[in-house]
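Structural overview
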Amino acid sequence: MENITSNFTEILILLFILITFLQSGIDKATDWGGNTGWLKDHFSGTILSGIVPLMVGIILVIEVITGLMAILSLYHILAGIESNVALYTCVLSCITLLMLLFGQRVAKDYAGAFTLTGYFIVCMFGVYILS
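Residues numbered from 1 in each chain as written. Predicted model: local features only at pLDDT ≥ 70, side-chain atom pairs only at ≥ 80, totals over all residues. Heavy atoms only, no water.

1. With respect to unusual backbone geometry
- Residues other than glycine seldom take positive phi values, yet Lys 108 does so here, at roughly 60°.
- Structurally, Lys 108 can be placed in the loop between helix 5 (85–106) and helix 6 (110–130). (Helix = DSSP H or I, 4+ residues; strand = E, 2+ residues; numbered from the N terminus.)

The structure is reproduced here in structure tokens:
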């Protein structure tokens, strides 16, 4: 119980990352056609238009890895195992969000890019408190 109370902030950030990235990765995997179809339209007329399936695949893999790392991080914290997995999880989540931000900016979806800011702040705070 002490591991929980002394790590509330880390646990809540990791749960946020887990829900955000694992759900998003699963959604991409279960609705591949819908996601790639929407994104092909979203990126039409940009330098990224020809590589949408590749981009979605890369993001899907990174999101799932980030979600699984969040699960491992939570286990380490709750079990009292000293490791840097939680820090690496937060760093990878920031990198993933920067990739998504790049895509939104290229597509000139400034509202979508702005939405990512809140996610990025949470993940960067995780990096800050874990480093």
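2. What to know about the nonpolar core
- Core analysis: the largest hydrophobic core is formed by 18 residues, its most contacted members being Ile 17 and Cys 123.
- Contributing elements (two or more residues each) for this core: helix 2 (8–30), helix 4 (52–79), helix 5 and helix 6.
- In terms of residue count, the dominant contributor to this core is helix 2 (7 residues).
- Setting aside its immediate chain neighbours within four residues, Cys 123 contacts Ile 17, Phe 21, Cys 90, Ser 93, Cys 94 and Leu 97.
- If you look at the next biggest cluster of nonpolar residues, it comprises 7 residues, including Leu 39, Leu 48, Val 52 and Ala 107. (Core = buried A, V, L, I, M, F, W, Y, C linked by side-chain atoms within 4.5 Å. Buried < 20%, exposed > 50% of the residue type's maximum accessible area, 1.4 Å probe, protein only. Contact = heavy atoms within 4.5 Å.)

3. What about a nonpolar patch on the surface?
- A contiguous nonpolar patch, built from Met 1, Ile 4, Phe 8, Leu 12, Leu 15, Ile 19 and Leu 78 and spanning about 740 Å² of accessible area, is present on the exposed surface.
- The greatest single-element share of the nonpolar patch, amounting to 4 residues, is contributed by helix 2.
- Positionally, Phe 8 belongs in helix 2. (Patch = residues over 30% accessible without salt bridge, like charges linked within 9 Å, V, L, I, M, F, W, Y side chains within 5 Å. Areas by Shrake-Rupley, 256 points an atom, 1.4 Å probe, with all protein chains shown as cover. Salt bridge = Lys/Arg side-chain N within 4 Å of Asp/Glu carboxyl O.)

4. Side note on the packing of helix 2 against helix 6
- Two elements in contact, helix 2 and helix 6, have axes whose closest approach is 10 Å; the angle formed by their N-to-C orientations is 140°. One finds that helix 2 runs oblique with respect to helix 6. At the point where helix 2 passes helix 6, the crossing takes the left-handed sense. Two secondary-structure elements touch here, helix 2 through Thr 9, Glu 10, Ile 13, Phe 16, Ile 17, Thr 20 and Phe 21 and helix 6 through Tyr 119, Val 122, Cys 123, Phe 125, Gly 126, Ile 129 and Leu 130.
- Taken together, the residues that form the contact of helix 2 with helix 6 break down as 10 nonpolar, 3 polar and 1 charged. (Axes fitted to C-alpha atoms, helices over the stretch in contact; angles between N-to-C directions. Parallel < 35°, antiparallel > 145°, perpendicular 65-115°, else oblique. Left-handed = near helix turned anticlockwise from the far one by under 90°. Nonpolar A, V, L, I, M, F, W, Y, C, P; charged D, E, K, R; others polar.)

5. Section: helix 6
- End to end, helix 6 covers 30 Å across 21 residues, agreeing with the expected 30 Å (1.5 Å per residue, within 8%).
- A maximum bend of about 25° is found in helix 6 at Tyr 119.
- Listed in full, the buried residues belonging to helix 6 are Gly 112, Ala 113, Leu 116, Cys 123, Gly 126 and Val 127. (Expected span 1.5 Å × (residues − 1). Bend = angle between axes of the 7 residues up to and from the residue.)

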